[in-house]
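# Structural overview for review
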Amino acid sequence: MLAFGPTLLALLQSRREIYIEALGTAIKNSQEIIPVARPEYDHDALSQIIEGYMAMITEALEGRDPPEIATMYFETIIPSLVAAGERVDSMVHVTVGMMVLMADDVGRHVNPDIRATTMDWLSKFFATWVTRIISVKGGPVSSLRPLR
């Protein structure tokens, strides 16, 4: 595992409820700009999504190659959501919103001695994550509402 990995994972787990709330906020914010038909997410559903995020972050910090969880997510889960009518741009919007909130929180709470290294790693991880979502084929793209 990367040297800062255990500290980052402990921080992420300790802030789990905050990330669940942040994901709910990111979904609400996305819905205001890219209105799509999607189910309401209760706490359990949001929690499950956050658990998936944490599993992929853990896998990446451990340097697992191939990354089995991420591969399943990007080759199975995302395409199945697209096939069910989810919009790629909406997923990107929610994901970026969530990642900004999470990165801000990590930056505020991570040990200052590892802040720069941790934030550099997170920015690369999150950028790669979004790039992989964008690469999903066949996803419809909506027109954005203007930001108010």
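Look up a bit, the structure's there.
None of the values given here were measured: they were computed from a predicted structure. (Residues numbered from 1 in each chain as written. Predicted model: local features only at pLDDT ≥ 70, side-chain atom pairs only at ≥ 80, totals over all residues. Heavy atoms only, no water.)

## Quick notes on the side chain of T58
In this fold, T58 is placed in helix α3 (residues 43–62). Take T58: its relative accessible area is 19%, and that puts it in the buried class. At 2.8 Å, the side chain of T58 forms a polar contact with the backbone oxygen of M54. Beyond its immediate chain neighbours, meaning those up to four positions away, T58 contacts L9 and R64. (Helix = DSSP H or I, 4+ residues; strand = E, 2+ residues; numbered from the N terminus. Buried < 20%, exposed > 50% of the residue type's maximum accessible area, 1.4 Å probe, protein only. Polar contact = N/O pair within 3.5 Å; in protein donor to acceptor, adjacent residues only side chain to side chain. Contact = heavy atoms within 4.5 Å.)

## Considerations on helix α4 (residues 68–83)
For α4, with 16 residues, the first-to-last C-alpha span of 22 Å sits near the 22 Å given by 1.5 Å per residue. The sharpest bend along α4 measures roughly 30 degrees and falls at F74. Looking only at α4, the buried set comprises A70, Y73, F74, I78 and V82. Just beyond α4, the residue with positive phi is G85, at close to 110 degrees. (Expected span 1.5 Å × (residues − 1). Bend = angle between axes of the 7 residues up to and from the residue.)

## Some points on a nonpolar patch on the surface
On the surface, M72, I77 and L81 cluster together into a nonpolar patch covering about 230 Å² of accessible area. By the secondary structure assignment, I77 is in helix α4. The exposure class assigned to I77 is partly exposed, which follows from its relative accessible area of 30%. (Patch = residues over 30% accessible without salt bridge, like charges linked within 9 Å, V, L, I, M, F, W, Y side chains within 5 Å. Areas by Shrake-Rupley, 256 points an atom, 1.4 Å probe, with all protein chains shown as cover. Salt bridge = Lys/Arg side-chain N within 4 Å of Asp/Glu carboxyl O.)

## Here we look at the layout of surface pockets
Approximately 370 Å³ is the volume attributed to the largest pocket. If you go around the largest pocket, you meet 19 residues; those closest to its centre are Y41, I49, Y53, Y73 and L81. Going through the elements one at a time, α2 (16–33), α3, α4 and α5 (88–109) are the ones with two or more residues in the lining of the largest pocket. At six residues, the largest contribution of residues to the lining of the largest pocket is made by α4. Each residue belonging to the lining of the largest pocket can be placed in one class, and the counts come to 14 nonpolar, three polar and two charged. If you trace the second largest pocket, you find 14 residues lining it, with A60, A70, F125, T128 and R132 closest to the centre. Among the elements of the structure, α3, α4 and α6 (115–134) are those that each provide at least two residues to the lining of the second largest pocket. (1 Å grid on protein atoms, 1.4 Å probe; cavity = no way out; pocket = protein on both sides within 12 Å on 5 of 7 lines; lining within 4 Å. Points joined across faces, edges and corners; volume = space filled by probe spheres on them. Nonpolar A, V, L, I, M, F, W, Y, C, P; charged D, E, K, R; others polar.)

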